Amino acid sequence: MNTLRKVEILGQSAKWDSCASSSSNRKVSTNDRIGNAAGCGICHSFTEDGQCISLWKTLYSNACSFDCKYCANAAGCNKNKARFEPEEFAKVFMSLYVRNYVEGLFISSAVEKDPDNTTENMIEAVNIIRNKYKFQGYIHFKVLPGTSYDMIKHASEFSDRMSINLEAPNKSRLAEISSVKDFKIDILRRQAWLKRMKIPSGQTTQLVVGSSDETDMEILSMVDWEYKNFKLKRGYYSAFSPVPKTPLENKNKVPLKRENFLFRCDWLLRKYKFKLNELVFDDRDNLPLNQDPKVSIALKNRDLYPLDINEATYEDLIKVPGIGLQSAYRITQMQKSKEKLTKQRQLKSIGVVLKRALPFIKFNGTVQLSLNPLIRQSGVI
Ligand code: SF4
């Protein structure tokens, strides 16, 4: 198999991993157009300082000996196997880099013979990239479940960020989709090691949403626990979609809205410092999909609203739907300088999303918009 074909197959095989996210879901319907980078595995990610960079996101190999039931690369499911050699991998990356197609690398892999054997080859590839070709830029290295401490430590010397996928939120849910991986030993223990290693951009993780019958509460509880205990930088959520010829080929596709709402709640936990028990779940412990999560929380606490925008604290302002961290900061700066907010257009000019915020705020002593339509829309409050 020639290298170009490997690049195509292994770039496609990596598309299930969203730890490095692409900037657009736009579909390109034909192959005869330029600019379709997704097919050969180029995606975008954000560095610690918020800079957007393009990455070559690829598997090193897609021939897996493990049996995750949802996975196109699992043993017995993959008829289109491919793998790089270390030098070949490094040369492809460098040729993409010197042509300015990518600025960094996201390397993952299926587990070939065993996790250490595959990781050794991956390390060899990044070692060549770092030491032979002198690449100084961003490398995200995916840790395979069950990889030994020494191998992970060695990989960390070349990596800016590392991640190991949880895939499911707990031991029993993982057992529903994999007979090989042990949740505590193969994954959590490795995450605990990563926490202690000096990895410049820390560690992330990913879950496949809906491949087992887990609830949103189980998912968010686990990730929230990891934020507190493993210094996790970010959780990623990938909606399950059935792959033909896998054991779960007849299972229903998970709506993208569920994935999207998990991302939003993750953001609320991580950036807005909401507590897990402030989030709103339905009676089956899932997020209600008929209402934005931040609006659901505000409606549950509707006795606190409307909030006087000229007197509210930063902590209260960031909990108002339509008011972000920056807008809340600007409002409190205006409060400090005794500058009164009296008009909706002032709020708009500092970034408040009026349509979302107005039912929850007042100024000049006046409620801006009734909450009743939102309460009616919300069937679970
Ligand atoms: S470990 Fe599981 S998810 Fe990863 S490539 Fe193998 S079968 Fe797929």
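**Student:** Can you help me understand the overall build of the chain in this one?
**Tutor:** A tally of helices and strands in the chain yields 14 helices and 10 strands. Against the 2.2 N^0.38 benchmark of 21 Å for 381 residues, the chain shows a C-alpha radius of gyration of 23 Å, consistent with a compact globule. If one aligns the C-alpha atoms of the chain with their principal axes, the spans along those axes are about 70 × 45 × 45 Å. A burial count over the chain gives 52% of its 381 residues as buried. Sequence separation of at least 24 residues holds for 66% of the intrachain contacts in the chain that already meet a minimum separation of 6. When the accessible surface of the chain is summed, it comes to about 18800 Å², and 50% of that surface belongs to carbon and sulfur atoms. Positive and negative side-chain charges of the chain, numbering 59 and 42 respectively, have mean locations separated by a distance of 5 Å.

**Student:** Sorry if this is basic, but what is going on with helix H6 (residues 183-196) here?
**Tutor:** End to end, H6 covers 19 Å across 14 residues, agreeing with the expected 20 Å (1.5 Å per residue, within 8%). Here the buried face of H6 lies against helix H4 (149-156), strand E5 (161-163), helix H5 (171-177), strand E6 (203-209) and helix H7 (216-229).

**Student:** Please clarify how the site of the ligand should be interpreted in this entry.
**Tutor:** Neighbouring the ligand are the residues Cys64, Phe66, Cys68, Tyr70, Cys71, Ala74, Ala110 and Lys181. Taken together, the residues of the shell around the ligand sort by class into 7 nonpolar, no polar and 1 charged.

**Student:** Sorry if this is basic, but what is going on with the domain arrangement of the chain here?
**Tutor:** Reports often express the size of an interface as the amount of accessible area lost when the parts come together. Each assigned domain of the chain is listed here: domain 1 (3-25 + 36-254) and domain 2 (301-362). A C-alpha centroid distance of 40 Å is found between domain 1 and domain 2.

Rules and cut-offs
Counting starts from 1 at the beginning of each chain's written sequence and moves along it residue by residue. Only residues with pLDDT of at least 70 get local features here, since the model is predicted, and only at 80 or more are side-chain atom pairs given and counted; chain-wide, interface and lining totals rely on the full set of residues. Side-chain metrics in this entry use all non-hydrogen atoms of the structure; hydrogen atoms and water are not considered. Strands here are runs of E lasting at least two residues and helices are runs of H or I lasting at least four, both read from the DSSP assignment and numbered beginning at the N terminus. In this treatment the radius of gyration is a C-alpha quantity, and the globule benchmark scales as 2.2 Å times the residue count to the 0.38 power. Categorising residues by exposure relies on relative accessible area from a 1.4 Å probe, with only protein chains included: less than 20% of the type maximum marks a residue as buried, more than 50% marks it as exposed, and the intermediate range marks it as partly exposed. Only heavy atoms matter for contacts: two residues are in contact if any of them lie within 4.5 Å across the pair. For accessible areas, the Shrake-Rupley method is used with a probe of radius 1.4 Å. Any residue's cover is judged against the shown protein chains and nothing else. We score Asp and Glu as negative and Lys and Arg as positive, and we do not count His or the chain ends. Taken as the charge centre is NZ of Lys, CZ of Arg, CG of Asp or CD of Glu, depending on the residue. The span you would expect from a helix comes to 1.5 Å times its residue count less one. If even one non-hydrogen atom of a residue comes within 4 Å of a molecule or strand, that residue is called near it. Only Asp, Glu, Lys and Arg are considered charged in this grouping, and only Ala, Val, Leu, Ile, Met, Phe, Trp, Tyr, Cys and Pro are considered nonpolar; every other residue, Gly among them, is considered polar. For the domains described, the bounds stem from an automatic or database domain assignment.

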